[in-house]
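# Understanding the architecture of this molecule
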Amino acid sequence: MRVVVGLLLLLLGLCGSGAQGEAGGLGEVAEINQNTDPKHAAEESTEQTTKQTTCDIWTELRALRDMVVELNVHVELLQRENSVQATELLSLESRLTSSESKTSDLEKENADLQTRLSSSESRIDQLERENAEKPKVAFYTALTDAGTLGPYNTDITLKYSKVFTNIGNAYNPSTGFFTAPVKGVYNLQFTVMGYNAGNTAVYVYKNTQKIMANWEQNNNGVPEYFTNSLVLELTAGDEIHLVLRSGHYIFDNSNNYSTFSGSLLFTL
Ligand SMILES: *[C@@H]1O[C@H](CO)[C@@H](O)[C@H](O)[C@H]1NC(C)=O
């Protein structure tokens, strides 16, 4: 724009000096052309050239003015476009900023989750180790295939000889004793069958102490059962066994009617 204005001023300057003393215009040029005085021929020729130049300058000046107007329109258009683009740029910038802050939030969340994940993983590892180290205790037995046991004239320890399950080997079939391998809470259960031979009675002992008695009258030729269970807090080495009361009997055969079982619920 500045270049155009400079050019314009230059041309105006030229025009001012060339057209000094002249009214200007095409009519005058035609009039001048009719002058045929030979003694002034050279001067007139120069003057004519000057006038011709002035005329050209005016024509160019008009053309330039038109161009300037056109350029102005163009510049306005460009300015408008520029302002629209500037607005778009601002909005893009603000969107970018918000995206960036969101990204950084997500990165932070991700880092938090990673931390929590790795702490969970190490906790899982610890639990797996604990679980692997945790003692496993479970047994399930049945008394005998021999049929009726008793009556005897003294209490006798019941040795459950058919061992079906004995994880941890805490039950000993040769003594009939269950020995707690670790301190914990244990679940114990037994079923006693009596059949057609008198009364049944079974005691539960913890070490040397009787902790439960069971008794059932059975003299009508009908099979009778009782089942009982205990949940006991035992320390390592505590022993549990079942005792057949003197003068009473218990029945079992290959049908596994009379059973004794137990398991560690959890350690303490
Ligand atoms: C008693 O237990 C033994 C050993 O598991 C099994 O072979 C037998 O079939 C059981 N008896 C009955 C009647 O299920």
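Details of the structure are given in the entry above.
The rules we used
Residues numbered from 1 in each chain as written. Predicted model: local features only at pLDDT ≥ 70, side-chain atom pairs only at ≥ 80, totals over all residues. Heavy atoms only, no water. Core = buried A, V, L, I, M, F, W, Y, C linked by side-chain atoms within 4.5 Å. Buried < 20%, exposed > 50% of the residue type's maximum accessible area, 1.4 Å probe, protein only. Helix = DSSP H or I, 4+ residues; strand = E, 2+ residues; numbered from the N terminus. Contact = heavy atoms within 4.5 Å. Salt bridge = Lys/Arg side-chain N within 4 Å of Asp/Glu carboxyl O. Pairing = 2+ DSSP bridges. Axes fitted to C-alpha atoms, helices over the stretch in contact; angles between N-to-C directions. Near = heavy atom within 4 Å. Polar contact = N/O pair within 3.5 Å; in protein donor to acceptor, adjacent residues only side chain to side chain. Areas by Shrake-Rupley, 256 points an atom, 1.4 Å probe, with all protein chains shown as cover. Nonpolar A, V, L, I, M, F, W, Y, C, P; charged D, E, K, R; others polar.

## Re the nonpolar core
One broad rule of soluble globular proteins: the nonpolar side chains tend to lie buried together. In terms of nonpolar packing, the biggest core is built from 26 residues, with Phe-178, Phe-190 and Phe-260 touching the most fellow members. Elements with a contribution of two residues or more to this core: β7 (184–194), β8 (200–206), β10 (224–234), β11 (239–244) and β13 (259–267). Those residues in contact with Phe-260 that sit more than four places away from it in its chain are Phe-139, Tyr-140, Thr-141, Tyr-160, Tyr-171, Gly-176, Leu-188, Gln-189, Phe-190, Ile-240 and Leu-242.

## Re the pattern of salt bridges
Within this structure, the stated rule accounts for 3 salt bridges. In this structure, Arg-65 engages Asp-66 in a salt bridge whose closest nitrogen and oxygen atoms are separated by 3.6 Å. Classification of Asp-66 as partly exposed rests on a relative accessible area of 43%. When salt bridges that share partners are traced, they join Asp-145, Lys-162 and Asp-252 into one network.

## Observations regarding the sheet that holds strand β4 (residues 162–167)
Spatial ordering of the open sheet is given by β4-β1-β13-β7-β10, a layout of 5 strands whose pairing is antiparallel. Edge positions in the sheet fall to β4 and β10, since each has one partner strand and no second. Along the sheet, successive strands turn relative to each other by an average axial angle of 10°, direction set aside.

## Thoughts on the site of the ligand
Surveying the vicinity of the ligand reveals the residues Phe-164, Ser-254, Asn-255 and Asn-256. Within the backbone of Ser-254, an N or O atom sits 2.8 Å from a nitrogen atom of the ligand. A distance of 2.4 Å is found between an oxygen atom of the ligand and a side-chain nitrogen or oxygen belonging to Asn-256. For the ligand, whose unbound accessible area comes to 350 Å², protein coverage reaches 37%. The residue inventory of the shell around the ligand, partitioned by class, reads 1 nonpolar, 3 polar and no charged.

## Here's the deal with the pairing of β11
The buried fraction of β11 is high, at 5 of 6 residues. One ladder, built from 2 bridges, connects strand β3 (residues 156–157) with β11; its direction is antiparallel. Note that in β11 the partner of Thr-157 across the bridge is Val-243. Pairing between strand β6 (residues 177–179) and β11: 2 bridges, direction antiparallel. Opposite Thr-179, over in β11, you have Glu-239 as the bridge partner. Pairing analysis gives 5 bridges linking β8 to β11, with the strands arranged antiparallel.

## Details of the environment of Phe-178
Within the secondary structure, Phe-178 is located in strand β6. A relative accessible area of 0% means that Phe-178 is categorised as buried. Spatially, the C-alpha atom of Phe-178 lies 9.9 Å from that of Asn-207, the residues being 29 residues apart in sequence. When sequence neighbours within four positions are dropped, the list of residues in contact with Phe-178 reads Val-137, Phe-139, Ala-170, Tyr-171, Tyr-186, Leu-188, Leu-234, Asp-238, Glu-239 and Ile-240.

Structural measurements only, silent on function.
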